[in-house]
Amino acid sequence: MSRHIVFLLLFILCGFGTSFSQNITWTKDGRGMLQIADGQLVRVDPKTGSRELLIAKSQLKPLDGKGPIDIEGYSLSENGEWALIFTNTARVWRYNTRGDYWLLNLKNNKFRQIGKGRPAQSLMFAKLSPDGSKVAYVSEKNIYVEDLNSAAVKQLTSDGKGKLINGTFDWVYEEEFFLRDGFRWSTDSKNIAYWQVDANGTRDFYMINNTDSVYSRLVPVEYPKVGQPISRVKVGVVNITNAITKWMGIPGDPGKNYLVRLEWTNGDEVIVQQLDRKQQQSNLYLCNMRSGVAKKIYSEKDEAWIDIQAAWDEDYANGGWDWLNKGREFLWSSEKDGWRHLYIIDRDGKEKLITKGNYDVIDIVNVDEAKGFVYFMASPYDATSSYLYRVSLSGTGDPELLSPASQKGTHKYEISPGAIYAYHQFSNYYTPTTAELITLADHKGLNGENRVADAVSKADSTSSGISFFKVKTADGIEMDAWMQKPVGFDPTKKYPVVFYVYTEPWRQTVQNRFGVAGAELRNADFFKNGYLYVSLDNRGTPAPKGRSWRKSIYQKIGLLNIHDQAMGAKEILKLPYADTSRVAVWGWSGGGTATLNLMFQYPEIYKTGISIAAVANQLTYDNVYQERYMGDPFESLDVYKKGSPLTYAQNLKGNLLYIHGTGDDNVHYQNAEMLVNELIRYNKQFQFMPYPNRSHGIYEGAGTRQHLSTLFSEYMRKNCPPGPKN
């Protein structure tokens, strides 16, 4: 199910194409970094460390005399004259994508609010035009444009209301296609391309808020369940002078297709990616903004599903397109040869493979057309790690490893334009995350510093108690695994085993990074003190092991992943120090679902389970996610039933703690009530903890996390007691 189980406010996407959680943006010349520090914007010279103040707090004071506004996001105009500041932000579903915008003239220091006549905190995705003369934004489901000098405002769409949405998206497009920012300026600043979402066919799911008043309040969520109609989406181009929209004539019934990517070419066309409802066919269309004629230039099919680029590379959430050769070609990805590889495709659909071999591209880091390279993350020999490679855009030559071969683990890079410098992060299971600025050509730290190398040399692999290894099941399936052994481990004694699971196509739990066995719901030493803590990555998890590994789970969620986990657990439990009478499993969201299935389908193995925010019935989840992996429910209803924990609830034998937030807009609380009813039906005793009006992350409200942590820890200690036994 959903992958969002962390604190949601740690990651803010503001429509500028940048993750502000990292707080670093490279300048266009690649020789400086922009950074928010102490409420001000500074430019840092990575080579010397010198800092230039670009925007001071004193420049961010409104005329009413109040204190300076906070910079929660920003963008700068191409001509260097304007700064657009995002502040006073608020959540829309998961992210803080609405708020207020302020405009600062960097030449005369004039400072004013954009969209001042609109309701407070209602502006979304404000973007300066390429020519630096205007700003466009969404407010209350319509698109507006405002002149920077005169402050004159023009409304470009007027039909947005209710479930008809212009320039942004409904719940499911945000959740499953990573789309929030729904409009794009043309390169000449005269037109705006945008999505229009008609969710009128999507029924509301009603959550109940019982805590904020003596009378209950219904909270509607436009949520398309499995098999229900999808939102009808189309793409238009609106002229900012006359506010007339020309709709693009993309073939196919909007009620049977998704439009998942949209960008401008370098001329008068937009390029659109269309997925069919089953998400097994992807089409690319070039659409003429004047005539609306759409020409299909590329098509691809997959017997399971096709992942859009943002599904595996978060830099493409909200858009982005890598154009090459002055817009004649672009970079694309495909798994059609069995591995996720990069291709160059021209405007006639001709393609050229540029990454070759039996490995997956994990992440696109940088495209340096001037020097003729694309930089990407991969790990051909170890699916738990990630390293930086580069390969020629010509499609010739082998990939070149740039990460130091001696640094085994997970690398991350933010490469500057021109590939001069990089912000490099590294960790492995025993080396804390360490960051450094490097020159990319030699991968050495600036000013003689080599922080990562120093951290690796000082780290002690034995101090963590964690080991990485492979488990081969009786079926011949080999899975990556890690185990954290308790403090004072004695191999002559037996210890309880706790399995941490996710298992679905959205998360890989076995990664060689620091904190992989981290403390999410308990103090940091909970599992170190008396437990063998284990995680396995089954078939179907998004590990870089090729298409067949990842897509073997098609129409088998709740079966294949559960079987692999159970068979892997059997191998672990053969260890002489594993106590088969004390075996527990826990997980959240998709991991909560897996926990239920493991407890119900293999009660002879798992004696205790803690399931949080689980999907008990796959038919209750959203159509985009569940149909992608399980197919059309009208053609394959049986696989939905076979994969749902609800089907096996009568088999519960062990100790089960079931936890769910009643305000969960993602995995609805109805799952809990359905499962509770089924357990009652068969007189199965269990412990149940609903968290009133909490969402999928179960973090809202005073004391919530502490309570959840205490509940988790005490239940585990009571029902799967820690410590060695003879």
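Conventions we followed
- Residues numbered from 1 in each chain as written.
- Predicted model: local features only at pLDDT ≥ 70, side-chain atom pairs only at ≥ 80, totals over all residues.
- Heavy atoms only, no water.
- Helix = DSSP H or I, 4+ residues; strand = E, 2+ residues; numbered from the N terminus.
- Rg over C-alpha atoms; globule rule 2.2 N^0.38 Å.
- Buried < 20%, exposed > 50% of the residue type's maximum accessible area, 1.4 Å probe, protein only.
- Contact = heavy atoms within 4.5 Å.
- Areas by Shrake-Rupley, 256 points an atom, 1.4 Å probe, with all protein chains shown as cover.
- Pairing = 2+ DSSP bridges.
- Polar contact = N/O pair within 3.5 Å; in protein donor to acceptor, adjacent residues only side chain to side chain.
- Expected span 1.5 Å × (residues − 1).

Draft legend 1. Summary view of the overall build of the chain. Tallying secondary structure elements over the chain gives nine helices and 43 strands in all. Over its C-alpha trace the chain gives a radius of gyration of 26 Å, about what one expects of a compact globule, namely 27 Å for 726 residues. Its C-alpha atoms give the chain principal-axis dimensions of roughly 80 × 65 × 60 Å. Counting over 726 residues, the chain shows a buried share of 59%. Put simply, 59% of the contacts in the chain that link residues at least 6 apart link residues at least 24 apart. Working note: accessible area of the chain is about 28,700 Å², and carbon and sulfur atoms make up 49% of it.

Draft legend 2. The pairing of strand β38 (residues 495-500), seen in detail. Where burial is concerned, most of β38 is hidden: six out of the six residues are buried. Where β38 and strand β40 (residues 578-588) come together, five bridges link them in parallel fashion. The residue of β40 that forms the bridge with Phe499 is Val585. Where β38 and strand β39 (residues 532-537) come together, three bridges link them in parallel fashion. Each residue of the ladder has a partner; that of Val498, found in β39, is Tyr533.

Draft legend 3. Summary view of the side chain of Asn366. Secondary-structure assignment places Asn366 in strand β28 (residues 363-368). For Asn366, a relative accessible area of 10% puts it in the buried group. Here the side chain of Asn366 touches Asp368 through a polar contact of 3.5 Å, landing on its backbone nitrogen. The residues touching Asn366, leaving out its near neighbours within four places in the chain, are Phe373, Val374, Tyr375, Ile415 and Ser416.

Draft legend 4. A look at helix α5 (residues 590-601). Here α5 spans 16 Å end to end across twelve residues, near enough to the 16 Å set by a 1.5 Å rise per residue. All of the buried residues along α5 are Gly590, Gly591, Gly592, Thr593, Ala594, Thr595, Leu596, Asn597, Leu598, Met599, Phe600 and Gln601. Here the buried face of α5 lies against α4 (560-572), β40, β41 (608-612), α7 (637-643), β42 (655-661) and α8 (670-681).

Draft legend 5. Quick look at the sheet that holds β28. The four strands lie next to each other as β28-β29-β30-β31, forming an open sheet whose pairing is antiparallel. In this open sheet, the two strands that pair with only one neighbour each are β28 and β31 (400-401).

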